[in-house]
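The primary structure of each chain is shown beneath.
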Amino acid sequence: MALRDILIVPDPILKKVSERVDLVDDDLRALMDDMLETMYAAPGIGLAAIQIGVPKRVIVMDLAKPDEEPAPRYFVNPEILWASEETQPYEEGCLSVPEIYDEVERPAHVKLRYIDYNGKTVEEDAEGMYAVCIQHEMDHLDGVLFIDHLSRLKREQAVKKVKKQAKAA
Ligand code: K1U
Ligand code: ZN
């Protein structure tokens, strides 16, 4: 397993649309292992492959609380089959937009289909933090960041702040 670098805005690679995966094999599982290690180290609760520069439709996530056992989840080619009309606001963050947090409104419930770590197709419902996080991560697969859901002014301010942090580092 290896730690990978996380791309930071305004890296243009983050705007790419990721490609579907043909096969869940050992190479893909090695990528997912690296992504999980990178996510835990950041630390974060989710990570899309494009955030480490790999344009594949792959996501890892762990929503376990600090006092709970780790509960890694792996999503290959995730699709949203249904989204509720009811929405919920959540103050989101992103490892590719460090130290910026703002409220995004998304569907409160979604029905998902994806392929798991073992290549099995799974369908399940997501709500609460799971629904927030999977929609945030699936946006990454289409080159969309949470700041793209904010006003142009807020988005530009966020990118400016991240660039300033990078210069100071
Ligand atoms: O960069 C990412 O996509 C990961 C992002 C996921 C996310 C967070 C909040 C709402 C939606 C999606 C993060 O993990 S940001 C860091 C974070 O939320 C966190 C870090 C340590 C402990 C708890 C949370
Ligand atoms: Zn993100």
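Let me begin by describing the structure that accompanies this report. The model shown is predicted, which means the values in this text are computed figures rather than measured ones.

### With respect to the overall build of the protein chain
- Summing up its helical and strand segments, the protein chain has three helices and seven strands in all.
- Traced from its N-terminal end to its C-terminal end, the protein chain shows the element sequence α-β-β-β-β-β-β-β-α-α.
- For a compact globule of 169 residues, the expected C-alpha radius of gyration is about 15 Å, and the protein chain comes in at 16 Å, within 12% of that figure.
- In terms of overall dimensions, the protein chain has C-alpha extents of about 45 × 40 × 35 Å along its principal axes.

### A look at the packing of aromatic side chains
- Under the definition given, this model contains three aromatic pairs.
- Seen in terms of ring centroids, Tyr 74 and Tyr 117 are 4.5 Å apart; in terms of plane orientation they differ by 50 degrees. Their pairing is tilted. With a gap of 43 residues between them, Tyr 74 in strand β3 (residues 72–83) and Tyr 117 in the loop between β6 (109–115) and β7 (121–127) connect regions that are remote in the sequence.
- Taking relative accessible area as the criterion, Tyr 74 reaches 16% and is therefore assigned buried.
- By the ring-pair criterion, three or more aromatic residues cluster together here, those being Phe 75, Tyr 114 and Tyr 130.
- Seen from the ring of Tyr 130, Arg 73 lies directly overhead, with NZ or CZ sitting 4.1 Å from the centre.

Scoring rules and cut-offs
Residues numbered from 1 in each chain as written. Chains lettered and ligands numbered in written order. Predicted model: local features only at pLDDT ≥ 70, side-chain atom pairs only at ≥ 80, totals over all residues. Heavy atoms only, no water. Helix = DSSP H or I, 4+ residues; strand = E, 2+ residues; numbered from the N terminus. Rg over C-alpha atoms; globule rule 2.2 N^0.38 Å. Phe/Tyr/Trp six-rings, centres within 6.5 Å; stacked < 30°, edge-to-face > 60°. Buried < 20%, exposed > 50% of the residue type's maximum accessible area, 1.4 Å probe, protein only. Lys NZ or Arg CZ within 6 Å of the ring centre and 35° of its normal.

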